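The lines below spell out each chain.
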Amino acid sequence: MQISASGLTAYVRDIFSHAGCSEAEAERIGRYLVAANLTGHDSHGVIRVPRYVSWLQEGEVEADKTPEVVTDGPAFALVDAHYGFGQTAGPFATELGIRKARENGVAIVALRHAGHLGRIGEWAEQAAAAGLVSVHFVNVAGSLLVAPFGSVDRRFSTAPFAAGFPVQGAEPVILDFATSAVAEGKVLVASQGGKALPEGVLIEPDGRLSSDPATLYGPLDGPERDNLKGAGAIRAFGEHKGSGLALLCELLAGVLTGSGTAGPGPRRFCNGMLSLYMTPEAFGSQDAMVQETRAYLDFFKGARPVPGGEVLLPGEPERRTRARRLADGVPLPDPVWETLLAAGRPFGLDGEAYRT
Ligand code: NAD
């Protein structure tokens, strides 16, 4: 099925305002989840709604928590989200980083105990829109999913990394990926009839490579998906190098922020994020920088493509998908739409009414 971004945003907003969030927070949840679908990252979009609702109902994530600035240095801040929604804590921490970097040239913001922060590129885009370079290391406490290079045992979360580089007069470069071979959400999407997984991104306990979501979720006989039920793991991307970056994300976002690492033992689910913000003007002449950026990106784009290929800047695929989906609507596999309809029903909401 296909639904307009505005209709889908309104439906998700209404689900969360009925589920106990203020209108403002519910609107943010709708906006950021649909924004992820618009970029093509369906794994971090509205497919998450049923899980977010049950987290809210179980007290795993709390409505309308005001993020607390625990330490407020001139160019550094530690923010505790107190397990409030990531869609509230994410923009708050990013705005704080932007303000401090503008005052000091650079800033570091450590965010801990945030509910799911969704698509991390969103925060790099927010900083780039304000003219700032940013780098974000993220981890997920209580979410052991990924086996390090050389192992079959889960030791990492899907620990994403993102960075943004603004380009004057053009779109920013936005690099944003999970350090796992695939984001967990992509396994979830595949398990619900969406895009199939690439070969060998999962690993069975005996070391066999797999692309079957059952490796992570166990038997797929009902709608329920519990990543604790699968015996296998997602593999880290990029062999030993990606595995090393995942380790760094756990240390920077999990340890340094105080948010907690992926494991061991049972831990409350939350995102930690260590972000660096840089004001380009603090590093030298703007004119020289703009010139070098343009010249370099033209040089980059001018690289000869492989047969049938195309050289894209990070961020370009997302912008193309966004333009297309804003015009045509957001496509959702029927089983995902069914779970969304079911999420609205207890609140007396009819999702179909938002499709007009
Ligand atoms: P991915 O593998 O789709 O990679 C996306 C990145 O690669 C983007 O920067 C994109 O612009 C770039 N890219 C894609 N195709 C390209 C091409 N042909 N040429 C050049 N660049 C290209 O991303 P992923 O690892 O599946 O992650 C998906 C999302 O999941 C991300 O937004 C990430 O932040 C999010 N995530 C969030 C959490 C969390 O806890 N909040 C955890 C894991 C992942």
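To start, this report covers the structure provided alongside it. Position numbers for residues start from 1 in each chain and track the written sequence from start to end. Since the coordinates come from a predicted model, pLDDT governs what is reported: local features require at least 70, and pairs of side-chain atoms require 80 or more to be given and counted, while whole-chain, interface and lining totals use all residues. As a rule here, side-chain values come from all non-hydrogen atoms in the structure, and water together with hydrogens is ignored.

### Concerning helix α6 (residues 184–191)
The α-helix advances 3.6 residues per turn, and as a result positions three or four apart in sequence lie on the same side. Of all eight residues in α6, seven are buried, a share of seventy percent or more. Residues Glu 184, Gly 185, Val 187, Leu 188, Val 189, Ala 190 and Ser 191 constitute the buried set of α6. By the convention used here, residues are in contact when the closest approach between their heavy atoms is within 4.5 Å. Helix numbers and strand numbers start at the N terminus; a helix is a DSSP run of H or I with at least 4 residues, a strand a run of E with at least 2. Elements that come into contact with the buried residues of α6 comprise α3 (49–58), β9 (202–203), α7 (214–217) and β11 (233–235). Positive phi shows up at Gly 193, right after α6, with a value of about 95°. Note on exposure labels: buried denotes an accessible area under 20% of the residue type's maximum, exposed denotes more than 50%, and partly exposed covers the range between, all computed with a 1.4 Å probe on protein chains only.

### Quick look at empty space enclosed by the protein
A cavity here means a set of 1 Å grid points, computed over protein atoms only, where a 1.4 Å probe fits but cannot escape. A pocket is an open set with protein on both sides within 12 Å along at least 5 of 7 lines, and lining residues have an atom within 4 Å of a point. Grid points are joined across faces, edges and corners, and a volume is the space filled by probe spheres set on the points. Here the structure, examined in full by the defined rule, presents two cavities of 30 Å³ or more. Along its surface, the largest cavity is lined by Tyr 32, Leu 33, Ala 36, His 44, Gln 87, Leu 117, Gly 118, Arg 119, Glu 122 and Trp 123. Elements that contribute at least two residues to the lining of the largest cavity include exactly α2 (23–38) and α5 (121–129). Here the lining of the largest cavity gets three residues from one element, more than from any other, and that element is α2. Counted as a void, the second largest cavity has a volume near 40 Å³. Lining the second largest cavity are Trp 55, Glu 60, Val 61, Tyr 83, Ala 114, Gly 115, Phe 269 and Cys 270. Of the residues contributing to the lining of the second largest cavity, the split by class is six nonpolar, one polar and one charged. Residue polarity is assigned by list, with Asp, Glu, Lys and Arg as charged and Ala, Val, Leu, Ile, Met, Phe, Trp, Tyr, Cys and Pro as nonpolar; anything else, Gly included, falls into the polar class.

### Points about the layout of surface pockets
In this structure, the second largest pocket occupies an estimated 280 Å³ of space. Surrounding the second largest pocket, Gly 40, His 41, Asp 42, Ser 43, Val 182, Lys 186, Val 189, Lys 195, Ala 196, Leu 197 and Pro 198 form its lining. Taken together, the residues of the lining of the second largest pocket break down into five nonpolar, three polar and three charged.

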